[in-house]
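Residue-level structure breakdown
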Amino acid sequence: QQPVQSPQAVILREGEDAVINCSSSKALYSVHWYRQKHGEAPVFLMILLKGGEQKGHEKISASFNEKKQQSSLYLTASQLSYSGTYFCGTGLLMNRDDKIIFGKGTRLHILP
Amino acid sequence: SQTIHQWPATLVQPVGSPLSLECTVEGTSNPNLYWYRQAAGRGLQLLFYSVGIGQISSEVPQNLSASRPQDRQFILSSKKLLLSDSGFYLCAWSAHREANYGYTFGSGTRLTVV
């Protein structure tokens, strides 16, 4: 039931692009994306709902392919502030009770 | 605006001692409330969630319990802590049944059981 994130970790230089993937074995109603800095609480980035959509947030955007039960987070022209661990959280279509299950996270480190 | 408060920020407790972590939300009513635990370098494990006063769903069987005595108050408890209970505990809320809202997390409690 836990979504699978890939890659587990990625190191980039400032200005490079990154893609983080999230896939589920179950039909999804929603996909959430969060970023957590070391020692801090996760911060909500965006949510994508069933219906297939793409959202943007500054230079961070995401897509949701409900047929493939997958979502991807795109970080373009990465900045040092983008460093952290990114989590996707999935809400299952079968129980739309606002409970989401998080993946294990993708650690992103941006080098100057 | 809505705010979430979680305390204490850090806690060191001996094995076998009781635990009580409190979380309160301001500026909203009838929120969904959640307790997550994060082991060092690990993901977020859902422990309990609540969609209303007195309504608690447990996700992981363990020696922890949760209660929601008031609409915007969520408490995580244990009668006897184990070493394995160490971790970073996070409370979160979301707007009730509003799927367009993400979760807002409290600042967390770092619990070390010694």
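What you are looking at is a predicted structure, and each value in this text was computed from that prediction instead of being measured.

1. A closer look at the sheet that holds strand β1 (residues 3-7) of chain B
Residues and elements named next belong to chain B. Spatial strand order, β1-β3-β8-β7: 4 strands in an open sheet with antiparallel pairing. The open sheet has two free edges, formed respectively by β1 and β7 (64-70), since each of these has just one partner strand. Direction aside, neighbouring strands of the sheet carry axes that sit 15° apart on average. Two strands pair when backbone bridges link them, and strand β3 (residues 19-26) and strand β8 (residues 73-78) are joined in this way by 6 bridges, in the antiparallel orientation. Its bridge partner lying in β8, Ser20 is registered against Ser77.

2. Some thoughts on the interface of chain B and chain A
The partner chain A presents 21 residues to the 26 residues of chain B that form the contact. Together, the buried faces of chain B and chain A total about 1,700 Å²; carbon and sulfur atoms form 55% of this surface. Our count for the chain B to chain A interface comes out at 0 salt bridges. At the boundary of chain B with chain A, the tally comes to 4 residue pairs in polar contact (both at pLDDT 80 or more). Counting only elements with at least two residues in the side of chain B that touches chain A, the list comes to β4 (32-38), β5 (45-52) and β9 (87-94) of chain B. It is β4(B) that contributes the most residues to the side of chain B that touches chain A, 4 residues altogether. The residue makeup of the side of chain B that touches chain A, split by class, is 12 nonpolar, 9 polar and 5 charged.

3. Focus: the confidence of the model for chain A
Put simply, chain A has an average pLDDT of 89, and 89% of its residues get 70 or more. Looking over chain A, one finds the lowest element-wise mean pLDDT in strand β6 (residues 54-57) of chain A, namely 68, and the highest in strand β3 (residues 18-23) of chain A, namely 97.

4. Considerations on the pattern of salt bridges
Residue and element names in this part refer to chain B. Per the stated rule, a full pass over the model turns up 2 salt bridges over all chains. Between Asp85 and Arg37 there is a salt bridge, and its shortest N-O distance comes to 3.6 Å. With Asp85 in the loop between β8 and β9 and Arg37 in strand β4, the pair connects residues that are 48 residues apart, well separated along the chain. For Asp71, the salt bridge goes to Arg68, with nearest N and O atoms at 3.3 Å. On the basis of relative accessible area, Arg68 is assigned to the buried category, the value being 3%.

Procedures and definitions
- Residues numbered from 1 in each chain as written.
- Chains lettered and ligands numbered in written order.
- Predicted model: local features only at pLDDT ≥ 70, side-chain atom pairs only at ≥ 80, totals over all residues.
- Heavy atoms only, no water.
- Pairing = 2+ DSSP bridges.
- Helix = DSSP H or I, 4+ residues; strand = E, 2+ residues; numbered from the N terminus.
- Axes fitted to C-alpha atoms, helices over the stretch in contact; angles between N-to-C directions.
- Contact = heavy atoms within 4.5 Å.
- Buried area = accessible area lost by both parts, 1.4 Å probe.
- Salt bridge = Lys/Arg side-chain N within 4 Å of Asp/Glu carboxyl O.
- Polar contact = N/O pair within 3.5 Å; in protein donor to acceptor, adjacent residues only side chain to side chain.
- Nonpolar A, V, L, I, M, F, W, Y, C, P; charged D, E, K, R; others polar.
- pLDDT = per-residue confidence, 0-100.
- Buried < 20%, exposed > 50% of the residue type's maximum accessible area, 1.4 Å probe, protein only.

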